[in-house]
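Listed below, chain by chain, are the residues.
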Amino acid sequence: MGIQKFGIGQAVRRKEDDRFLTGRGNYIDDINKPDQAYLLILRSPHAHARILSVDTDMAKDMEGVLAIITGQDFEEAGYGHLSCAMPMTRRDGSPLATSHEWLLARDTVRYVGQPVAGVIAETKAQAQEALDSIFVDYDILEAITTPEAAKAADAPQLWETAPGNESAYWEKGDKDATDRAFAEADHTIKVQLNQNRITSATMEPRGAVASYDDTQDRYELYVSCQGAHNMQQGIARELMKIDPAKLHVISPDVGGGFGMKAAAFPEYVVALHGARQIGRPVKWIADRSESFLSDSHSRYSSTTGELAFDNDGTIRGLRVYTTATVGAYNTGYGPLQFTFAEGRWIASAYKIPAAHLVSEMYFTNTAPMNAYRGAGRPEAAYVTERLVDVAARTLGMDQAAFRRRNFVTPDMMPHKAWNGLDVHSSDFDQVLTKALEMSDWDGFTARKQDSEARGLRRGIGLAYYFETAAAGVEGARVAFTADGKAKVYVGTQSNGQGHETVFAQVVVDQLGLDFDDIEIVQGDTDLLARGNGTGGSRSAQMASGSIRVVGETVIEKGRGVAAEILQSVPEKVAFETQDEVGTFVVADSGASVTLKDVIQHAATPQGNALDSDGVYKAQGGSEPNGCHICEVEIDPETGKVAIARYTVVDDFGTVLNPAIVDGQVLGGLAQGIGQVLLEECVYDPDSGQLLTGSFSDYAMPRADDLVMTELGYCEIKDESNPLGVKGCGEAGTTGALPATVNAIVDALSDLGVQELEMPATPQKIWALMQKAR
């Protein structure tokens, strides 16, 4: 390979940052079309109400108003409804409760912020004035906002199809074997845990710019999302009932997605419908209050976890019972995080002889739930590592020693976990050992004494996480210019992760082209036949895999062209990269020609003979894992928790770009710590009104809430993909929840505190200390 500057493993500075930092990013609000109009959405002010009538007569005659769109219009158009992507059942085995979320409410609204109508006008001000003039006659109904209220005997029924408001019921494991394990174990413990309701709060809110070409009978949609192809399929097939080829979707720069932007939302269809109706482009950008009301929420649940173990620390059995809400509707991946996802990752790094998991999900008059960074991974790590921590304390056993006793070890791999997951390509003890060393675990006592001397409580928390990244199928294509430059089209979608840099590094590593001659193109359904976007930490594995498949085709085609140039035959031509320069070499003569020269030679008026496309199908998902060690200081006078020290060691397999991976971990940490200490969506329990509708009420983590973090890596290659990479996008969030809470509990352990409720605000921590005293 020779000298490496831009290939795999190099901390190359992100090439996209030049345009971001100089104001040349191309986000949805930067997209403007000639003669465009503006869309605003009328939203329900009530959590639960019947719609008796919608009077638009005054609004439609106001100055500048071009169209008013209601649920009746969409019903006449034959549009579909938002649906659930999960194959769930209920307690009796019947299918998931039917809960049609129409794109614009028809007869009933079931959460504050639900779209009721759309107004399109020449200006936003005119659209707002007309919006305020629409009169909706509501018959207000009783609202319920928590799963506990939803399953009460006298609770109002939100859906006739869901007796007791039960949305779904899920069960996994062997109940009888687990019951036996608990009966036979030396010790059993139980913990009560909560997941606070949070929202994505993306830097860039949702938005869309829609157009319609009547000469082609074709729509165009610019949208901030996590995958243009998935958005095209979802909107065209499921919602508008049209051929996907009639919808061109472009997703330019995206300012954060975190799972929320993977879904299609009603506003996008309202904009498309309106563009066709008025014959002009239509633009809609959510304001921040709209985002809090109508973006999907996540996490909110309560869990009882139980662990059975023997005197020597050997785990015998695990029980987990979760009660959660899907919100007002079963849509998207709402039930995923409480069922298949959480069940896939709970305790998978440990030898668990028997386990039994149950999840009950209920409808409430709140925003629909969906995936948020981690999507079941943080929930799984949280219950696992809280149980493991309490078990170690019960025995008076070192936290690391308890985990080591129960880890799946490399000599056991591939190992079939209790839930059927194949655990492979990992060395949990190696990662744990490095984390303990980097964190100076043995020096904690001295640091605690120093904190106490300053009047502060100090605690240390350890957590190990294990997860799998999403996989599947991914496409890619490369087209070469006459001067030897490459345009590489990928089906994943950067939401800020640095894909343009990392994927160019993969090309440099394989083909030896100049880093600056490689352009990564994404987010356009007309430029690539298939793609599955970003989500589930899949992009590094899947996009690099598809790029490698295409690169192999380029090399094979290039042999023929090189043989012609070098007056040889393809069978004698080999390809190699040296000092990041790709070269074809004739074996017997040593004659050579660079790939760039071959590309230029292969140029034709119709394109380039080396242009190639391909599809990569993964053998399975990669398995990132790692260890978080958090130290906190607590002010006993105020209850304020401060992160004092934080160490993370991850096994991400082959690290493609250390600087970018560092950024992914740190961003995930901020979101995980933010959930533990600060963030929470709160509904009024009586009215169902959202009380945290702005950043004045919803506390986001800031720089001074965090600390400089020690990051380390153990690069154990994953056997499931050619480069040995493991996804890193969600790992920071996954480990942060249990590590931070374990540290807070440790700081309060001498007061007898074993449980706390997130977010661990100063008020809650102060109250815990007062109660213990």
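Here, every reference points to the structure presented above.
Notes on the structure in this doc start here. (Residues numbered from 1 in each chain as written. Predicted model: local features only at pLDDT ≥ 70, side-chain atom pairs only at ≥ 80, totals over all residues. Heavy atoms only, no water.)

1. What to know about the overall build of the protein
Helix and strand counts for the protein stand at 20 helices and 34 strands. Against the compact-globule benchmark of 28 Å for 773 residues, the protein has a radius of gyration of 28 Å, which places it among compact chains. Viewed in the frame of its principal axes, the protein has a C-alpha envelope of about 85 × 70 × 50 Å. Considering the protein as a whole, with its 773 residues, one finds that 61% of them fall into the buried category. (Helix = DSSP H or I, 4+ residues; strand = E, 2+ residues; numbered from the N terminus. Rg over C-alpha atoms; globule rule 2.2 N^0.38 Å. Buried < 20%, exposed > 50% of the residue type's maximum accessible area, 1.4 Å probe, protein only.)

2. Some details on the layout of surface pockets
Computed from the structure, the second largest pocket encloses a volume of approximately 500 Å³. As for the second largest pocket, its lining consists of 27 residues, and the residues nearest its centre are Glu-148, Asn-194, Tyr-300, Glu-680 and Glu-757. Elements that contribute at least two residues to the lining of the second largest pocket include exactly helix H5 (147-150), strand S10 (187-195), strand S17 (301-309) and strand S18 (315-327). By residue class, the composition of the lining of the second largest pocket is 10 nonpolar, 11 polar and six charged. (1 Å grid on protein atoms, 1.4 Å probe; cavity = no way out; pocket = protein on both sides within 12 Å on 5 of 7 lines; lining within 4 Å. Points joined across faces, edges and corners; volume = space filled by probe spheres on them. Nonpolar A, V, L, I, M, F, W, Y, C, P; charged D, E, K, R; others polar.)

3. Overview of the sheet that holds strand S6 (residues 108-109)
The antiparallel open sheet is built from three strands, whose spatial order is S6-S2-S8. Strands at the two margins of the open sheet, each flanked by one partner only, are S6 and strand S8 (135-140). Relative to S8, strand S2 (residues 49-55) runs antiparallel, the two sharing six bridges. Within S8, the residue paired with Arg-50 across the bridge is Asp-139. (Pairing = 2+ DSSP bridges.)

4. Remarks on the pairing of strand S26 (residues 573-578)
Of the two faces of S26, the one holding Val-573, Phe-575 and Thr-577 is buried and the one holding Ala-574, Glu-576 and Gln-578 is not buried anywhere. In this structure, the hairpin formed by S26 and strand S27 (residues 581-586) is closed by a connection of two residues, where Asp-579 is found at a positive phi of approximately 55°.

5. Let's talk about the pattern of salt bridges
When the charged atoms of two side chains lie near each other, side chains of opposite charge can form a pair. Tallied over the full model, the rule gives 51 salt bridges. Close ionic contact of Arg-43 with Glu-267 constitutes a salt bridge, the shortest N to O distance being 2.7 Å. Here Arg-43, found in strand S1 (residues 37-43), pairs with Glu-267, found in helix H8 (residues 266-278); they are 224 residues apart in sequence, far enough to count as distant. According to the relative accessible area criterion, Arg-43 is buried, its value standing at 11%. In this structure Glu-267 comes out as buried when scored by relative accessible area, which is 1%. With its nearest N and O atoms 2.8 Å apart, the salt bridge here joins Arg-403 to Glu-385. (Salt bridge = Lys/Arg side-chain N within 4 Å of Asp/Glu carboxyl O.)

6. Some remarks on the environment of Ala-97
Checked against the element boundaries, Ala-97 lands in the loop between strand S4 (81-82) and strand S5 (101-102). Judged by its relative accessible area of 4%, Ala-97 is buried. Along the backbone, Ala-97 and Thr-161 are 64 residues apart, and their C-alpha atoms lie at a distance of 5.8 Å.

7. Observations concerning the side chain of Ser-133
Relative to the helices and strands, Ser-133 is located in the loop between helix H4 (124-131) and S8. Within the structure, Ser-133 has its side chain in polar contact with the backbone oxygen of Glu-129 (distance 3.0 Å). The residues contacting Ser-133, other than those within four sequence positions of it, are Asp-55, Met-58, Ala-59 and Met-62. (Polar contact = N/O pair within 3.5 Å; in protein donor to acceptor, adjacent residues only side chain to side chain. Contact = heavy atoms within 4.5 Å.)

8. Comments concerning the packing of aromatic side chains
Per the stated rule, a full pass over the model turns up 20 aromatic pairs. With a centroid separation of 5.1 Å and 65° between ring planes, the pair formed by Phe-407 and Tyr-464 is classed as edge-to-face. One end of the pair, Phe-407, is in the loop between helix H12 (399-406) and strand S20 (415-416); the other, Tyr-464, is in strand S22 (residues 457-466), with 57 residues separating them in the sequence. Both residues of the pair, Phe-407 and Tyr-464, count as buried. Among the aromatic side chains, those forming a connected cluster through ring pairs are Tyr-350, Phe-407, Phe-428, Tyr-464 and Phe-466. Above the ring of Phe-515, the side-chain terminus of Lys-15 is found at 4.4 Å from the ring centroid. If you follow Arg-106 out to its NZ or CZ, it ends over the ring of Trp-102, 3.6 Å from the centre. (Phe/Tyr/Trp six-rings, centres within 6.5 Å; stacked < 30°, edge-to-face > 60°. Lys NZ or Arg CZ within 6 Å of the ring centre and 35° of its normal.)

9. Focus: helix H6 (residues 175-184)
Along H6, the residues that are buried comprise Ala-177, Thr-178, Ala-181 and Phe-182. Here the buried residues of H6 occupy an arc of 135° about the axis, which is enough to place them on one side. Facing away from the buried side of H6 by over 90 degrees, the exposed positions are Asp-176, Ala-183 and Glu-184. Where H6 starts, the residue carrying a side-chain oxygen 3.2 Å from the main-chain nitrogen of Asp-176 turns out to be Asp-174. (Arc of directions from axis to C-beta.)

10. Re the sheet that holds strand S28 (residues 592-594)
Across the sheet, which stays open at both edges, the three strands sit in the order S26-S27-S28 with antiparallel pairing between neighbours. The sheet is open, and its two edges are formed by S26 and S28, each paired on a single side. Going from strand to strand, the sheet's axes swing by 25° on average, the running direction of each strand aside. With six bridges joining them, S26 and S27 adopt antiparallel strand pairing. (Axes fitted to C-alpha atoms, helices over the stretch in contact; angles between N-to-C directions.)

11. Description of helix H13 (residues 428-439)
When the terminal C-alpha atoms of H13 are compared, their 17 Å separation across 12 residues agrees well with the 16 Å that a helix rising 1.5 Å per residue should span. Among all positions in H13, only Phe-428, Val-431, Leu-432, Ala-435, Leu-436 and Ser-439 are buried. All buried residues of H13 project into a common sector of 135° when viewed along the axis, lining one side. Turning to H13, the residues buried within the fold contact H12, strand S21 (422-423), helix H14 (444-453), S22, strand S32 (625-634) and strand S33 (641-651). A positive phi of about 55° marks Asp-440, the residue just after H13. (Expected span 1.5 Å × (residues − 1).)

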